[in-house]
Amino acid sequence: MIDEALLEKAYPSRPRKIFIPWAIIFTIFLLATVFAKFMLPGIPSLLEKINIGEFTMPWLKAPISMVDFIAVYGCPLLLILTTLLTGFLTISLSLRKWWYHLVNTLIVICLLAFSLSFAYNVFGEWLLKENAPAQLGEISTMVFDIGFYACLGVSAFALLLCYFDNYITPKKYKAIYKRLKLVKNRQTTKVEKKYVVKKFNKLYKKKKYSEILLLLFEFEFDVNNTEPITPDAYEVMKRDILDRARIIRGKELDALYYSSCYLALRQERKTLIDKQNAMSSSSISPVATSSEAKVEIINDSNSKKDEAVEMTPPTLSKKELKAAKKAEKKALKEAEKEKKRNEKANKKDDLIVENPEIIPAELDPTNNDTK
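Since this is a predicted model, take the numbers as computed values, not measurements.

**Some thoughts on helix α7 (residues 174-185)**
Across its 12 residues, α7 extends 16 Å between first and last C-alpha, which sits within 8% of the 16 Å expected from 1.5 Å per residue. Looking at α7, one finds that the buried residues are Ile-176, Tyr-177, Arg-179, Leu-180 and Val-183. Summarising the axial view, the buried residues of α7 lie within an arc of 155 degrees, below the 170-degree limit, and thus occupy one face. Pointing more than 90 degrees away from the buried face of α7 are the exposed residues Lys-178 and Lys-181. Next to the buried residues of α7 lie α1 (4-9), α8 (190-205) and α9 (209-217).

Pasting the structure below:
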């Protein structure tokens, strides 16, 4: 069922375009690595232009040319940088979808193996000198060769996932995007279709879940629509009706209160309580089993109209408001008069109790003499 709770859970995995530009930049780095490793040695004229001099390094016994420098140091460093940046990108994506953690694990393993073997190949023999084991150098070279292709492959795979991330939806959230596709396909022009998707993304970004639900189900609310209302659409419609009714009834009740129609407010509450008690105390027949189930179709339009009238909240006209206000004032005056009568009666009783000698003999209830 599509509701606000499902939309909130699916919020992190919503379609986002921000990852695609970064994926394009890192793809360019990856292609530059591939070019320098595999294509550059096959272009002699370009090699001649690049070969502008030689470099001397402390850990090297002989000077190294620019072409060899690019092949030995440039390509591995560029690949390490690209794999590292791709790893940061997939870490961000793993907050949206859990399976990116598996890609992150592969990236970390390949990056560590390749970086350590590269560091040993460059600085190992220079640092250890005569103490460098021969077998360790062979193993490091083998790990370096395997790690190069592993980093290249896992980076390319991760970047490919970034391009198609918006089209990979978790199963539990597919209902949202199927509904969006249905709304989009109901539009007639390309402009309207783009507007629906743009509005959906904008509302989702601002976390306006109630408006998203109206966007996804609004076409079912059309009075000219003859199709049955789906259960999800009914829940959205019911909530929307109740929200609107609450706003309208709130304004009507405010009008009664600020018009000093307190009696009408009390009567309104009492009527609702009586209705609620009547509905809760009414006997509800149990659901029939499949063998005892009977379908009865009643085509009584008058009964439906009566039910609709009962369900609609009462509204008061200006005359009724004036009459209610007049009745309220009259009731207040009667209550004040009754209060004064009670006070006078209480004063008389107190006077009789405090001064019994002032009571005439014929009015004294304790005098038993009769005339």
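Next comes the rest of the write-up.
**Focus: the pattern of salt bridges**
Opposite charge on two side chains permits pairing when their charged atoms draw close. Scanning the entire structure with this criterion turns up 10 salt bridges. Within this structure, Arg-96, Lys-97 and Asp-165 form a network of salt bridges that share partners.

**Considering empty space enclosed by the protein**
Under the defined criterion, the tally for this structure stands at one cavity of 30 Å³ or more. Lining the largest cavity, in full, are Ser-13, Arg-14, Pro-15, Arg-96, Lys-97, Asp-165, Asn-166, Ile-168, Thr-169 and Tyr-177.

**A look at unusual backbone geometry**
Positive phi, normally seen in glycine, also occurs at Lys-207, with a value near 60 degrees. Mapped onto the elements of the fold, Lys-207 is located in the loop between α8 and α9. A relative accessible area of 46% places Lys-207 in the partly exposed class. For Ser-260, which is not a glycine, the phi torsion comes out positive at approximately 60 degrees. By secondary structure assignment, the location of Ser-260 is in the loop between α10 (231-258) and α11 (262-281). Its relative accessible area of 29% is what places Ser-260 among the partly exposed residues.

**Some details on the side chain of Glu-220**
By the element assignment, Glu-220 lies in the loop between α9 and α10. Separated by 2.5 Å, the side chains of Glu-220 and Arg-179 make a polar contact. Here the side chain of Glu-220 touches Thr-230 through a polar contact of 3.1 Å, landing on its backbone nitrogen.

About the criteria used
- Along each chain, the written sequence defines residue order, and numbers are assigned to residues from 1.
- Thresholds applied to this predicted model are a pLDDT of at least 70 for local features of residues and 80 or more for the giving and counting of side-chain atom pairs; totals over whole chains, interfaces and linings are not thresholded and use all residues.
- The basis for every side-chain value is the complete set of heavy atoms in the structure, and neither hydrogens nor water enter the calculation.
- By definition, any uninterrupted DSSP run of H or I lasting at least four residues is a helix, any uninterrupted run of E lasting at least two residues is a strand, and each is numbered from the N terminus.
- The length a helix should cover is 1.5 Å for every residue beyond the first.
- Think of it in three bands: with a 1.4 Å probe and only protein chains considered, a residue is buried below 20% of the maximum accessible area for its type, exposed above 50%, and partly exposed in between.
- Note that the arc is computed from the directions linking the helix axis to the C-beta atoms.
- In this description, contact between two residues means that some pair of their heavy atoms is separated by no more than 4.5 Å.
- For this document, the term salt bridge refers to a Lys or Arg side-chain nitrogen within 4 Å of an Asp or Glu carboxyl oxygen.
- Cavities and pockets were defined on a 1 Å grid built from protein atoms only: a cavity is a group of points that admits a 1.4 Å probe but offers it no way out, a pocket is an open group of points flanked by protein on both sides within 12 Å along at least five of seven lines, and a lining residue is one with an atom within 4 Å of any such point.
- Grid points are joined across faces, edges and corners, and a volume is the space filled by probe spheres set on the points.
- Under the rule applied, a polar contact is a pair of N or O atoms within 3.5 Å (in protein, one hydrogen donor and one hydrogen acceptor; residues adjacent in sequence only if both atoms are side-chain atoms).

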